[in-house]
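Structural overview for review
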Amino acid sequence: GPRTHDMALKDIIDLLFTINAEGISYEAGNPRHDHEWQVFKDVKLPSDKVLIPGVISHTTTLVEHPELIAQRLTQYADVVGRENVIAGSDCGFSSQATHEPEIHPTVVVAKLKAMAEGAALASSNSGDRELLLCPDNRTALASIKPFRISLATRYLYTTVSSMICATFDRGC
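Presented here is a report on the structure given in the accompanying data block. Note that the structure is predicted; figures quoted are calculated from it, not measured. (Residues numbered from 1 in each chain as written. Predicted model: local features only at pLDDT ≥ 70, side-chain atom pairs only at ≥ 80, totals over all residues. Heavy atoms only, no water.)

Taking 1.5 Å per residue, 15 residues should reach 21 Å; helix α3 (residues 66-80) reaches 21 Å between its end C-alpha atoms and fits that length. Regarding α3, the residues found buried are Pro66, Ile69, Ala70, Arg72, Leu73, Tyr76, Ala77 and Val80. The buried residues of α3 all sit within an arc of 160° when viewed along its axis, so they share a single face. Buried-residue contacts for α3 involve β1 (23-26), α2 (39-42), β2 (50-56), β3 (86-89) and α4 (105-125). Once α3 finishes, glycine 81 follows within two positions and takes phi at roughly 95°, a positive value. (Helix = DSSP H or I, 4+ residues; strand = E, 2+ residues; numbered from the N terminus. Expected span 1.5 Å × (residues − 1). Buried < 20%, exposed > 50% of the residue type's maximum accessible area, 1.4 Å probe, protein only. Arc of directions from axis to C-beta. Contact = heavy atoms within 4.5 Å.)

Spelled out as structure tokens, the structure:
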């Protein structure tokens with residue numbers, strides 16, 4: 001049936017802040033959650049947390065336009081500060097480890113490319129640095145705090161893993 005009963009971020013954000021993690025990753029790139037950046041107009045982000053809102057959806061083969069992704073990042077950055085925003089996907093692109101993923105890898109690659117372009121666009125709109133590729137997940141994740149609008153996403157199909165970063169201040 002229709003997906004209409006997702007939990008609202010405003011109802012669980014206090015609980016999410018109690019998790020022993022620096023980054024809080026959550027769905028924000030689909031029609032049920034796209035508006036929830038506004039929660040942070042009323043809720044203060046703790047100083048030891050960064051937000052990792054999904055800016056691309058994992059449930060559709062439609063590829064988000066880079067300008068939409070840039071808008072999503074900018075909305076969050078305007079409210080909580082660019083240094084506290086890391087772009088991500090709503091979730092993984094397959095709910096099971098199978099030989100036939102739910103979202104075809106060519107679509108996933110197109111979505112990740114759009115996310116990288118959107119983060120670069122958000123960066124260039126602020127007159128800041130260009131897109132950089134991070135060599136591995138550990139390097140980027142260990143360096144989260146210095147990034148402004150950073151793009152850190154994990155794309156995993158069996159043995160494939162990649163990290164893409166767009167940064168204001170410095171490379172990975």
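Now that the structure has been shown, we can carry on.
What follows is about the packing of α3 against α4. Think of two packed helices as two axes; the pair is described by the angle between the axes and how far apart they sit. At a minimum axis distance of 7 Å, the contact between α3 and α4 shows a crossing angle of 55°. Viewed along their axes, α3 and α4 adopt a mutual orientation that is oblique. The crossing of α3 and α4 is right-handed. Judged by residue contacts, Pro66, Glu67, Ile69, Ala70, Leu73 and Thr74 of α3 engage Ala114, Met115, Glu117, Gly118, Ala119, Leu121 and Ala122 from α4. Partitioned by chemical class, the residues of the contact of α3 with α4 number nine nonpolar, two polar and two charged. (Axes fitted to C-alpha atoms, helices over the stretch in contact; angles between N-to-C directions. Parallel < 35°, antiparallel > 145°, perpendicular 65-115°, else oblique. Left-handed = near helix turned anticlockwise from the far one by under 90°. Nonpolar A, V, L, I, M, F, W, Y, C, P; charged D, E, K, R; others polar.)

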